[in-house]
Structures are given as structure tokens and as C-alpha cells.
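Fold and contact review
Each chain, letter by letter, is given below.
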Amino acid sequence: MIDSKTHCARLRNLAIIAHVDHGKTTLVDALFRQSGVYQDHQEVQDRAMDTDDQERERGITILAKCTSVSFGDNTLQIVDTPGHADFGGEVERTLRMIDGVLLLVDAAEGPLPQTRFVLRKALERGLPVVVAINKIDRKDARPEEVLDEVYDLFIDLGADEQQLDFPVLYLVAREGTATRKLAEPGHDLKALVEVLVETLPAPKDLSEQPLCLQANQLAYDDYVGRLVIGRVLSGSLRTGQMVAVMDKEGQTASSRVVGIFTFHGLKRVAQDEAHCGDIVSIAGIDEVSIGDTICDPEHPRSLPRIKVDEPTVSMIFQINDGPMAGLAGRFLTSRQLRDRLYKEAYANVSIRVEDGESPEQFRVLGRGDLQLAVLIENLRREGYELCVRNPQVVTRQGPKGLEEPVELLVIDVPPEYVGAVTEALGKRHASLVDQQQDGSRIRLEHRVPTRGLFGLRSHLLTATCGTVVQHSLFDGWMPWSGPIAQRGTGALVSDRAGRTTPYALFHLQPRGQMFVSPGTEVYEGMVIGEHTRENDLNLNAVRPKKLTNTRAAGKDEATVCAPPRLMSLEQSLDWIRDDEMVEVVPGDVRIRKRILPAAGRPIWAGTDRQRKRKD
């Protein structure tokens, strides 16, 4: 029999907060190694918590995940939170399961926008914070200055005196070392564990009260089916126990718990019983939604629902109706696409799905274009075929009229490119908030409308020769700022179906930059390149070289085609305009016109200035 009071005293439930690439996942790897998660001769996996394919490819955390590590008598139950604001729905749910946070900050870069976002959520809930300054071994590390910036951040976010009295550690997560004093080198993570145990409170022992648990996450297992993840807030839970599930309407349904799992390292460990303070995964409860309360049938109660920030970006998803539909995917119908989108909204409270103008269309709303791009990529990998229109911002009616979302944009750039960045942001109605020297680079802070960010990343990468680093954070709402110019160049559009030839592409190269290489299957209305001018141009990219019996007097010119500009999904979404779509199928991403026949499209599809000039 486990003593519930002792069990709670040994637990510490915490979330790790860090900006993208500040070392959060690397720190968890070091905790795994030093806590004995890996057995002798077992393969040690880097970035072990990044279990999703896209997480490993993008180098970011997308899904919040739970784990635990044991050091002596103490157990740290850790929630790995995403560092990008687009996945804030994951953050806002997981903060319900923890009693404190570990704030990880890069010793050179300091606190950045995504650090601000998650920390603000933690401080609003009154959670204690332990600050760890990571990567102190960098040549450009400036830990003392970064610590001052962290204090400024806490004050800016309205932290109280108790929250400002946080302990500070200095880490090299890659080597698995931590120290309380910067002058003293660390040898392991013992100092970090000690500070976490001393600073963060243990869960309250409410084991004598009736069972209460809130569904914070949903998962699925091929063997046991639906899994509900949450923290046992009071009481205890046993396998085979009958529980009541209360939904948002206050309706109660009964279910039986068929399996209980706790987290240890990378594994789910089956348990017969879960106690107060444990973060568990429960099998057997199929009819449940995020935010529902699982409680004792004899003592039903409903916890406050999980609230997330409103979506700011929307996209139109529709079935693929192009000439090449059905050649690569397995899920082609609107019914299949609808079921999958509503399934995503069921498991992710920050995603909303609405019916579109026709039965084949669906309006999907999310926290940002990156979140929706991740969803589209998941659909593509699962075998869905769909077309996606360009992202649009979600507006609302405010006290003074129409309002749109605004972002706090932070840009790090070498000094010689500040002018190019400022010029690009000025065209997108951005206003400068702060500018400061950060080592050999300049850090610029702007407030810019969310729609001003669409296509900005690729433009700045070109303008700064790939040296720019940018991050953004939702910063409230502002009055509608008027029209923002879209892409300044037109599209090269195929006027017929066929396979592209080197001969045709070679002679079309002066017209612009190609997106396709020789031998690519194209169709009428498919965008195959970017025009050098502002208007669209229909052209024949499948024209072969005519063969005759006449010998040429001179040597035939070599048809050497320049390498095409390969467009990724994110680049395609940034590039398209209102009259274009991205066709997403397994194995390929194409750009096409919404109206495929050339005869059905406007003859002149340039900018407003061009149309006025032509008229």
C-alpha cells in the first residue's frame, strides 16, 4: 500500500519553457541519460522527445508530451511544451497539469518572443519559475546581460515579488552540466534537480477526496484505442473502476477504466492504480473531449473548461478537382476530408473547422499559418489529396470598427541589411517598437498586421542573402490598416497538358524563374514558374524540337536548363495570391490557378496599378 502523503511529497510536476532552438529537448535528453532511463548497451537517441517526423525534420516541438525521470527518491514529471506560439493550444492545456515551470534561455540570444508567450501564460496562473541560462559555453555568450533581460521580461509581464525572486542556474545542456554559480563549472545536472525540488511545490495530498481528473490531451493506441491524458487532481484511480465523464453541457456519461498508464522516459508503463498528483494516460473512455471532467459517479463535479486564445488565421481546404486528381492519394472525397478535419478539431482545441461555400470546401481556423501548414503536411503524408487557398486573417468588429490581429515581430539581421528589412516592413504597415545592437547583429522589433507576415520570410531571406532570423508573437488586435500589396510578380502558367521538355523550358527561361524541371507532368492552369513582370503569362512548356531532314549549317545550341526553384509547402502558401491554390498530394506539392482553363481566367491578372494602367 502506497502512502499517499509520501507519494505526493516526492513528486514535482513541471513544464519546460524555451524558445525554439534554445536547448529544451537537448536538456531532456541529458536528464534521461543521467537518471538511468537508458539501460547498459541500449542505443541512446538524440532529441528523444521529438517523436513526430515533422518535429525531427523542422527541429521544433509541435505536440506537448509527458515524461518522468527519477533522481533518488524524487520523481520529476515533465511536460515538454512547444516553443512556437502557433501551437499555443498545446501550451494552454498542459499548464493545467503542472505546479511550476523551468524557463530555459539561450546565453547569447536571450529571451525571445516565444519565451514571452509561454511565460506569460505561466505567470497568469501564478506558477513559480526556475530560470536556467543555457549554452554558457558559446563564444558569444553573455549570461549576465541575459539575466538582466530576463528580469526585465518578468517585470514587463507583471510578475509579483514572489515570482521575481526566482533561482538561477547556468547550464550546458549538450554536455549535461549545471551550476548555481557562473564561476564554478558544473559536472552533472544534480544542481538543477536540487533547485527544482527545493523551489517547486509538491502536489497537494487530496487522496481522501473523490476522484477528479480533467482531460488535457487525447491520444490513440492501436491496441487499447482512445487514450485520455491528464493529472489526477484528487482521489485515486484503479483499473476496472467506473467513472463519470462530464461534458461542456453538464451531461454525464459512465465509462469503465480498462487501463492506466504512467510515463517513464520514452515508455508508457501499465499500472493497476494511479494516485493523487500522477500524470496518467487512461484507456477505455471513448466518448470524451478536451476539457471534460472525469470524476467519481457518486460525487460528480465539473472543472472550468480549458480556454485558448482565439484563432487568427484561416484557410480554405477543398478536395482536389484538378486533372491529376486520384493518381497519388487514397483519400479523395469531401466526406473523407471532412471527417479528418473534424477529427483534428476534436483533439486540438486551437483548431476550428467550419463548412465552406460549397460541400467540397471547409474553412479551417488556427493560431497561425505554421500550425495550418503542419496540419496540411500531416494530411499529405496520410494519403489525402486536397487543394488549399492562401491564408487569410480572421477579423472582428471592435468598438471603433473592423479590427485585425497584430504581431510583435522580432528580427535579427546584420547591420548592412537593416535598410532592406525596413523597406520591406514599411510596405506591410509595420511600426518600429525597438532597435538595439546585439553583438555583431541588429535586433529590430516591429508591430505588424498578421497578414503582413504572409510571404515575408521568403522575401527577407532573399533580401538579406539568407542571414535574417525572424520570430513573431500574437500581440492583440488593431484597427484595420488598409490594403497590403501582394506578390509583385506574376505567374508563368502552362496553357496545355503534357510533359515539359528541355527545348521548351530553355527558350522560356528569359521569361522568369521555373518551378519545374524537364520531364515534369503539367496540365492547363498549373503554375510552372514566376514571371519577371507583374502580369501572368500563359505559355507552352511541352513544345518539342521539330526534327527535319535538313542539316543545320551551324552547331545546334545547347539546351542547358537552369536548376528549377523547388517550392516547399510553406513557400507555396506564402507565394500564392487570391486567384491561386496549392495542390497537395502524397509525394508532390503543385501550384495552380483556381480557374484552370485559360479562356475562363481574366486576360489581365496583375496588380491594381497595372489594371488601371491598362484601362
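**Notes on the overall build of the protein**
- Scanning the protein from terminus to terminus reveals 15 helices and 36 strands.
- Here the protein holds 615 residues, and 52% of them are scored as buried.
- Taking the contacts inside the protein whose residues are at least 6 apart along the sequence as the reference set, 72% of them involve residues at least 24 apart.
- A total of about 28,800 Å² of accessible surface is found on the protein, and carbon and sulfur atoms cover 48% of it.

**Quick word on the pattern of salt bridges**
- Enumeration over the complete set of coordinates arrives at 31 salt bridges.
- Among the ionic pairs, Asp106 bridges to Arg138, the shortest N-O distance being 3.2 Å. Placement of Asp106 in strand E4 (residues 100–106) and of Arg138 in the loop between strand E5 (129–134) and helix H6 (143–156) is noted, with a sequence separation of 32 residues between them.
- Accessibility expressed as a relative area gives 29% for Arg138, which makes it partly exposed.
- The salt bridge involving Glu377 is made with Arg380; its shortest N-O contact spans 2.6 Å.

**So, H6**
- Compared with an ideal rise of 1.5 Å per residue, which puts 14 residues at 20 Å, H6 spans 20 Å between its outermost C-alpha atoms and is within 8% of the ideal.
- Within the sequence span of H6, burial applies to Pro143, Val146, Leu147, Val150, Leu153 and Phe154. One face of H6 carries all of its buried residues, which in axial projection span an arc of 115°. Across from the buried face of H6, at angles greater than 90 degrees, the exposed residues are Glu144, Ile155 and Asp156.

**A closer look at the packing of aromatic side chains**
- Summed over all chains, the structure comprises five aromatic pairs.
- Between Phe515 and Trp575, the aromatic rings sit 5.2 Å apart at their centres with planes inclined by 80°, giving edge-to-face as the arrangement. With a gap of 60 residues between them, Phe515 in the loop between strand E31 (512–514) and strand E32 (521–522) and Trp575 in helix H14 (residues 569–575) connect regions that are remote in the sequence. In this structure, Phe515 and Trp575 share a single accessibility class: buried.
- The ring of Phe261 has Arg268 lying over it, and the distance from NZ or CZ to the ring centre is 5.7 Å.

**Here's the deal with the sheet that holds strand E3 (residues 74–80)**
- Pairing in this open sheet of seven strands is mixed, and the strands run E2-E3-E1-E4-E5-E6-E7 from one edge to the other. For this open sheet the edge positions go to strand E2 (65–71) and strand E7 (177–179), each flanked by a neighbour on one side alone. If you compare each strand with its neighbour and ignore which way they point, the axes differ by 30° on average.
- As paired elements, strand E6 (residues 168–172) and E7 share three bridges and run antiparallel to each other. What sits directly across from Leu171, in E7, is Ala178.
- Contacts from H6 reach E4, E5 and E6, with the element oriented near 150° to E5.
- The sheet contacts of helix H8 (residues 190–199) involve strand E1 (11–18), E2, E3, E4, E5, E6 and E7, and relative to E6 the element is tilted by about 150°.

**Some words on the nonpolar core**
- Formed by 34 residues in total, the largest nonpolar core has its most connected members in Val101, Leu103 and Phe154.
- Those elements giving two or more residues to this core turn out to be E1, E4, helix H5 (113–124), E5, H6 and E6.
- Beyond its immediate sequence surroundings of up to four residues, Val101 is in contact with Ala15, Ile17, Leu95, Ala122, Leu127, Pro128, Val129, Val130 and Leu200.
- Within the second largest apolar cluster, 32 residues are counted, among which are Met315, Phe317, Ile376 and Ala491.

**What about the confidence of the model for the protein?**
- Per-residue confidence for the protein gives a mean pLDDT of 84, with 89% of residues at or over 70.
- Here residues 605–615 is modelled with pLDDT under 50, and outside its nearest four sequence neighbours on either side it reaches 14 contacts, counting other chains as well.

Reading the values: the criteria
- Residues numbered from 1 in each chain as written.
- Predicted model: local features only at pLDDT ≥ 70, side-chain atom pairs only at ≥ 80, totals over all residues.
- Heavy atoms only, no water.
- Helix = DSSP H or I, 4+ residues; strand = E, 2+ residues; numbered from the N terminus.
- Buried < 20%, exposed > 50% of the residue type's maximum accessible area, 1.4 Å probe, protein only.
- Contact = heavy atoms within 4.5 Å.
- Areas by Shrake-Rupley, 256 points an atom, 1.4 Å probe, with all protein chains shown as cover.
- Salt bridge = Lys/Arg side-chain N within 4 Å of Asp/Glu carboxyl O.
- Expected span 1.5 Å × (residues − 1).
- Arc of directions from axis to C-beta.
- Phe/Tyr/Trp six-rings, centres within 6.5 Å; stacked < 30°, edge-to-face > 60°.
- Lys NZ or Arg CZ within 6 Å of the ring centre and 35° of its normal.
- Pairing = 2+ DSSP bridges.
- Axes fitted to C-alpha atoms, helices over the stretch in contact; angles between N-to-C directions.
- Core = buried A, V, L, I, M, F, W, Y, C linked by side-chain atoms within 4.5 Å.
- pLDDT = per-residue confidence, 0-100.

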